[in-house]
Amino acid sequence: MMPISVWRRTLAFMLLTSMLTVVVAASSPQEDQQWVSLERDVPSHNPATSSWVRGVRPSPDLPMTLTVALRIDEDRRAELERTFVAVSDPASERYGAHLSMDEVTALLAVPEERVAAVAEYFKNAGAEEVLPAPNRDMLTVSLSVAAAETALRTTIHTFSHRDRPDLHILRASRSYALPDILAKDVDMVGDLLQFPRLQMPLKTNLTGSGTWPNACSAGGCKGLVTPAVLAQRYNLPSKDSAEEGSGNSMAVAEFQFQYFKDKDLSKFGKACHVDAVVDRVIGGNKPEAGIEAELDIEYIKAVAKSVPLTVVYNGDYSLLRWANQISSMSNPPYVHSVSYGNDEAQQTGANYMYTCNTAFLKAGVRGISILFASGDQGVCGREGCGFLKVRFKPDFPAASPYITAVGGTDFLGSSVGEETTWSGSGGGFSNTFEIPSYQQHAVAAYKSSPDAKLPPQAWWNNTGRGYPDVSALGGTKTPYCIASEGSFQGVAGTSASSPVVAGIFARLNGLRLAAGKSPMGFLNPFIYANPSAFQDVTTGKNGGGFRPKLGFNAVKGWDPATGWGTPDYEKLAKVVMEAVGSPKAKNDVSIVV
């Protein structure tokens, strides 16, 4: 599927440029040691370009938490990827033969002495607690600011956001390092140099132009997308089968104070005939209405009413911490929808994306499906395309080859029917990741299509992974009706598209589970092998709506505007059940790790 050669070259270059040792003066307990700066490709905080403002030095005793990514031997990382491909490909004899947590740990085979050495170092530096992840490839380190500064030879500052002065985070204001004897065992210390991008506000209080009947009892839903509209367009059964929920599970990820009110969920459920109930919360909740969270919950449940839902909440948007969190769960939900992301360039560091991708691989080999919204700024991302020198800005993790990216569409007309590309739908080609094998033919066909009318080559990367993979309604012409803060309103964005597609695949998982089979796991090989199970979108362009020359055109087949199109549940259920009856789907294949 995805060649690891690109990562080998990238990391080899990083090691050559970063393994520059710095001799430290004899002013600390580790005197005369040589230190190695990590993540040298990540620039220190730049006040001229950053949305975060450096403040005062925090109290030395203030606690902070670090995520330390340990090095995984290259041959073990390669074996993880081979296993990921084998258990995710419907054409493989090992399709669906997912690994247990212990099997993943054995596959990675991170040496115990490596874990112990790094853990001991931070304990000696003053850490109060060092917790290894179940797979022994990550450490969660709880320590004081003073201990972090000593251990990592850096300076910690408090930073506040320009648009949210009340929001404070701790970050290093300069580079960090580890003793050379230890640096060879550590890939990076997560979220020490990276600054989170605050989620851009959803497009809210929108009115709808739909002429379909309002199936919700709330007048505010007139002309808006409702659960009934989705059921009609995506051929969902009128009733959920009880079997679809038995032993099944799904989750939405929420960050940055996105909580939900049970009263809002109940109001939506009663009006639109949906049992919008959260079955489990990880990370806590407050009775505050977050439009993002309530959109996710109301519409993943609108599609998959009988599938138990978990909300995974984290206060700050740390993709690495969330990915480590779900891959460390002993009994994780099978499907995860995430409506947050960043531009690849804003992830500031190849090692950061590499470490996140490793977590996605670990999730996939365990049978976990991860879907991300593709973004709402078309090809230009959150940074913009530029004016004098145009360059498209792909999204991460939507452009990761190890997750499923979901784009957005609008109805072409005012009734329920054919769809067209939403101009804000994120899509394009990665600047970091090569084209994975599962989409090579699809990408080549797109580039050779005369209808593609490709933009100038200087604007985008011709060799990168293409995204999105699929799409669903999410555009501003046909907003979704949600209940939030006690009233109904229209909301748009791929933040709506992702939970809808996730809910559909959660229902498809239910069909497999009811037949005694495993969940689908990483979805893309299945999606690219079954394009006829999706409703092709062949019109529109994802330029962001600002400059007509920007963006990629939708064409017949896969395209970097809408992927393969939008789901057709009846067709998907048929091919899923055909896979259930195939000898290739048997799960009694032994796996040697």
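Up top is the structure.
First, a word on scope: everything that follows refers to the structure included in this document.

**Overview of the state of the cysteines**
Across all of its chains, the model carries three disulfides by this definition. In this model, Cys-380 is linked to Cys-385 through a disulfide, with the two sulfur atoms separated by 2.0 Å. Because the torsion about its S-S bond is -105°, the bridge between Cys-380 and Cys-385 counts as left-handed. The burial state of Cys-380 is the same as that of Cys-385; both residues are buried. The cystine pairing of the protein chain, numbering bonded cysteines in sequence order, is 1-3, 2-6, 4-5.

**Some remarks on the nonpolar core**
Membership of the largest hydrophobic core comes to 166 residues, with the highest contact counts inside it found for Phe-122, Tyr-299, Trp-322, Phe-360 and Leu-508. Sort the elements by how many residues they give to this core and helix α14 (residues 494–514) lands first, with nine residues. If near-sequence neighbours (up to four positions away) are discounted, Trp-322 is found in contact with Ala-253, Phe-255, Val-312, Asn-314, His-336, Val-338, Phe-360, Ile-370 and Phe-372. Formed by five residues, the second largest nonpolar core is a distinct cluster that contains Trp-52, Phe-159, Leu-167 and Ile-169.

**Here's the deal with the side chain of Ser-318**
Structurally, Ser-318 can be placed in the loop between β14 (309–314) and α11 (319–327). In terms of polar contacts, Ser-318 uses its side chain to reach the side chain of Asp-191, at 2.4 Å. Among the polar contacts made by the side chain of Ser-318, one reaches the main-chain amide nitrogen of Arg-321 at a distance of 3.1 Å. Non-local contacts of Ser-318, meaning those with residues more than four positions away in its chain, are made with Asp-191, Phe-255 and Tyr-352.

**Overview of unusual backbone geometry**
Most of the time, phi is negative for any residue but glycine, and the peptide bond is trans. Residue Pro-397 is reached from Phe-396 by a cis peptide bond, and omega for that bond is 15°. Of note, Pro-397 is situated in the loop between β18 (395–396) and β19 (404–411). Following Tyr-467, the chain continues to Pro-468 via a peptide bond in cis, the omega torsion being 10°. Locating Pro-468 in the fold gives a position in the loop between β22 (464–467) and β23 (470–473). Even without a glycine there, the phi angle at Arg-153 is positive, about 50°. Residue position: Arg-153 is located in the loop between α5 (145–152) and β7 (156–161). At Lys-453, a position not held by glycine, the phi torsion is positive, near 45°.

**Some details on the sheet that holds strand β3 (residues 52–54)**
Taken together, the three strands give an open sheet; going across it, the order is β3-β7-β8, and neighbouring strands pair in antiparallel fashion. Each edge of the open sheet carries a strand with a single partner, namely β3 and β8 (168–172). Taking each pair of neighbouring strands and ignoring which way they run, the sheet shows an average axis angle of 40°. Direction of pairing for β7 relative to β8: antiparallel, over a ladder of five bridges. When the bridges of β8 are listed, Thr-158 appears paired with Leu-170.

Rules used in this analysis
Here the residue numbering is sequential within each chain, running from 1 through the sequence in written order. With the structure being a predicted model, the display of local features is reserved for residues of pLDDT at least 70 and the display and counting of side-chain atom pairs for 80 or more, all residues being used for whole-chain, interface and lining totals. Side-chain numbers here rest on the full set of heavy atoms in the structure, without hydrogens or water. In this description, the term disulfide denotes a pair of cysteine sulfurs within 2.5 Å. To sort residues, take the accessible area from a 1.4 Å probe on protein chains only and compare it with the maximum for the residue type: under 20% means buried, over 50% means exposed, and anything in between is partly exposed. Think of a nonpolar core as a cluster: buried Ala, Val, Leu, Ile, Met, Phe, Trp, Tyr and Cys residues, connected wherever their side-chain atoms sit within 4.5 Å. Only runs of H or I of at least four residues qualify as helices and only runs of E of at least two qualify as strands under DSSP, and these elements are numbered from the N terminus. Whether two residues touch is decided by their heavy atoms; if any such pair falls within 4.5 Å, the residues are in contact. Counted as a polar contact is a pair of N or O atoms within 3.5 Å, where, for protein atoms, one must be capable of donating a hydrogen and the other of accepting one, and residues adjacent in sequence contribute only when both atoms are in side chains. Note on pairing: DSSP must find at least two bridges between two strands before they are called paired. Axis angles are defined between N-to-C directions and span 0 to 180 degrees, where every axis is a line fitted to C-alpha atoms and, for a helix, only to the segment in contact.

Keep in mind that these numbers describe shape and distance, not what the molecule does.
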